[in-house]
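Residues per chain are reported as follows:
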Amino acid sequence: MSKRVMVVDDSRLVRVQLEDVLAGTDYEIAAFCRSGEDAIAQYDQVKPDLVTMDIIMQGMDGLEAAECILKKHPDARIVVVSSLAYEDTYEKAKAIGAKGFVDKPFHQEQLLKVFEQALF
């Protein structure tokens, strides 16, 4: 049975890249949200196994959105996927409760390894 992934990113390009990278794997994109607010609103109905969360988006940033989701759903598995690959960003994501961090641009092997670690 495939794992349901909620992708939170304001870039259509990232959605296409993730669809390509996840094709033929045990993961399927169950929802695509273009903002943190949208992700918070949809989380309950989508019930994803995993969330990929960009940081820089219009309105609420991804770290704030992740924090809101994790407060309501402490068992949520969130992987930050961002080009903000800095030590303080890693630390903040980890402190919030993110299960992993993938730098953009990403490739399949790297992404799937972090997904597996986040789920177990």
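This report concerns the structure included in the present document. Note that the structure is a prediction, hence the values are computed from the model and not measured. (Residues numbered from 1 in each chain as written. Predicted model: local features only at pLDDT ≥ 70, side-chain atom pairs only at ≥ 80, totals over all residues. Heavy atoms only, no water.)

What describes two packed helices is the angle between their axes and the distance between those same axes. The N-to-C vectors of helix α3 (residues 62-72) and helix α4 (residues 87-96) enclose an angle of 15 degrees; their axes lie 9 Å apart at closest approach. The angle between α3 and α4 places the two elements in the roughly parallel class. As for how α3 packs across α4, the hand of that crossing is right-handed. Along its contact with α3, which presents L63, A66, E67 and L70, the element α4 presents K92, A93 and I96. Classifying every residue of the contact of α3 with α4 by side-chain character gives 5 nonpolar, no polar and 2 charged. (Axes fitted to C-alpha atoms, helices over the stretch in contact; angles between N-to-C directions. Helix = DSSP H or I, 4+ residues; strand = E, 2+ residues; numbered from the N terminus. Parallel < 35°, antiparallel > 145°, perpendicular 65-115°, else oblique. Left-handed = near helix turned anticlockwise from the far one by under 90°. Contact = heavy atoms within 4.5 Å. Nonpolar A, V, L, I, M, F, W, Y, C, P; charged D, E, K, R; others polar.)

Turning our eyes to something else, we now look at the pattern of salt bridges. Per the counting criterion, the structure on display carries 4 salt bridges. Its salt-bridge partner being K104, residue D9 comes within 2.8 Å of it at the nearest N-O pair. Here K104 lies in the loop between β5 (100-103) and α5 (108-119) and D9 lies in the loop between β1 (3-8) and α1 (12-22), a separation of 95 residues in the sequence. You can call D9 buried: its relative accessible area is 2%. Under the relative-accessibility criterion, K104 is labelled partly exposed at 23%. (Salt bridge = Lys/Arg side-chain N within 4 Å of Asp/Glu carboxyl O. Buried < 20%, exposed > 50% of the residue type's maximum accessible area, 1.4 Å probe, protein only.)

Moving on to the pairing of strand β2 (residues 27-33). Regular strands show a simple pattern: their side chains alternate between the two faces of the sheet. Here β1 pairs with β2 via 6 bridges, running parallel. Looking across to β2, one finds that V8 is bridged to C33. Running through α1, the crossover from β1 to the neighbouring parallel element β2 is right-handed. (Pairing = 2+ DSSP bridges. Right-handed = clockwise from strand over helix to strand, strands pointing away.)

Keep in mind that these numbers describe shape and distance, not what the molecule does.
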